[in-house]
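The primary structure of each chain is shown beneath.
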Amino acid sequence: MKLSKHSSPSDSSSTRISTVPQPDQHSALLLVDLQNDFFPGGALAVPEANSLIPLINAYIKHFSRQGWPILATRDWHPANHSSFTEQLGPWPVHGVQGSRGAQFHSDLVLPPGMLVISKGTDPKKDSRSGFDGTSLADRLEDLNVLTLYVLGLPTEHCVKHTVLDGCQRGLRVVLLTDATKGSDLQQDVSPPVLQEMTDAGAHLANSRDIGIPASFR
């Protein structure tokens, strides 16, 4: 549901729940950059991101049981990527192809055959969106996906840009706010960032809104 400027992402009224898009056979779950480098101990760690893992696994379990597709993006940078500080870029070395930091967190229960979309493979280009320079749009079209449910790390960077690109491409995009964290410990999900996404047409939802059983959470 696109929220108005006066709406809150924590609003759990029956009206809001009734208008949240519900996943179906034309839906997919997209996991954004759930790699070691974005969890505590990693090069670009999101504070307390480990706390999201049980709920992320619940989302994965819910979509898997229904047979709905699950995809994951990952930073997959060459060692000399232009975005790294060593190359005068803004970011510390992270998501290097084949490194431990680029691996998905070991506590995630990832489904067999999950489609993995590698981004940032061009050493001269910093790609923050999962759609930028990847096959993600083609894979979603192949799967006949109309609604994309997005979660991951960090909210204000790769998650936001992936959501915005998905909306621009005509997908109905739902950001799962309870399985997303930002880099700022004091403000997990910045209201201006959320507003930017909802203004682009994104919907906001949580696990209760889309009917994930409490036993999964």
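- By the naming in an unreviewed UniProt entry, the protein goes by nicotinamidase and is assigned to Candidatus Nitrospira neomarina.
- Its UniProt record, at the heading Sequence similarities (unreviewed entry), says of the protein: "Belongs to the isochorismatase family."
- According to UniProt, the comment filed for the protein under the heading Pathway (unreviewed entry) is "Cofactor biosynthesis; nicotinate biosynthesis; nicotinate from nicotinamide: step 1/1."

### Looking at unusual backbone geometry
Consideration 1: Phi is positive for Asp-33, which is not a glycine, with a value near 55 degrees.
Consideration 2: You can see Asp-33 is positioned in the loop between β1 (27-32) and α2 (53-66).
Consideration 3: With phi around 60 degrees, Asn-144 is a residue other than glycine that occupies positive phi space.
Consideration 4: With respect to the secondary-structure elements, Asn-144 resides in the loop between α3 (136-142) and β4 (147-152).

### Some details on the packing of helix α4 (residues 155-168) against helix α5 (residues 191-199)
Consideration 1: Running from N to C, α4 and α5 point in directions that differ by 10 degrees, and their axes come no closer than 10 Å. Here α5 runs roughly parallel to α4, going by the angle between their axes. Along its contact with α4, which presents Thr-155, Glu-156, Lys-160, Val-163 and Leu-164, the element α5 presents Val-193, Glu-196 and Met-197.
Consideration 2: Split by residue class, the contact of α4 with α5 holds four nonpolar, one polar and three charged.

### Here we look at the sheet that holds β1
Consideration 1: If you walk across this open sheet you meet the six strands as β3-β2-β1-β4-β5-β6, and the pairing is parallel. Only two strands of the sheet have a single partner each, and these edge strands are β3 (115-119) and β6 (203-205). The mean angle between the axes of side-by-side strands here comes to 25 degrees, regardless of whether they run parallel or antiparallel.
Consideration 2: In this sheet, β6 lies alongside strand β5 (residues 172-180) in parallel orientation, the contact comprising three bridges. Bridge pairing in β6 links Leu-176 to Ala-205.
Consideration 3: With respect to the sheet, α2 is in contact with β1, β2 (70-75), β4 and β5, its orientation differing from that of β5 by roughly 140 degrees.

### Details of α4
Consideration 1: Among all positions in α4, only Thr-155, Cys-158, Val-159, Lys-160, Thr-162, Val-163, Leu-164, Gly-166 and Cys-167 are buried.
Consideration 2: Of the surrounding elements, those touching the buried residues of α4 are β1, β3, β4, β5 and α5.
Consideration 3: In the segment just after α4, Gly-170 is the residue with positive phi, at about 90 degrees.

### Comments concerning the packing of aromatic side chains
Consideration 1: Scanning all chains against the criterion turns up two aromatic pairs.
Consideration 2: Relative to Trp-68, the ring of Phe-63 has its centre 5.3 Å away and its plane inclined at 70 degrees; by these criteria the two rings are edge-to-face. The same class applies to Phe-63 and to Trp-68, which are both buried.
Consideration 3: Against the face of Trp-76 rests Arg-74, its NZ or CZ located 3.6 Å from the ring centre.

Calculation notes
Residues numbered from 1 in each chain as written. Predicted model: local features only at pLDDT ≥ 70, side-chain atom pairs only at ≥ 80, totals over all residues. Heavy atoms only, no water. UniProt positions renumbered as here; feature names shortened; annotations may be inferred. Helix = DSSP H or I, 4+ residues; strand = E, 2+ residues; numbered from the N terminus. Axes fitted to C-alpha atoms, helices over the stretch in contact; angles between N-to-C directions. Parallel < 35°, antiparallel > 145°, perpendicular 65-115°, else oblique. Contact = heavy atoms within 4.5 Å. Nonpolar A, V, L, I, M, F, W, Y, C, P; charged D, E, K, R; others polar. Pairing = 2+ DSSP bridges. Buried < 20%, exposed > 50% of the residue type's maximum accessible area, 1.4 Å probe, protein only. Phe/Tyr/Trp six-rings, centres within 6.5 Å; stacked < 30°, edge-to-face > 60°. Lys NZ or Arg CZ within 6 Å of the ring centre and 35° of its normal.

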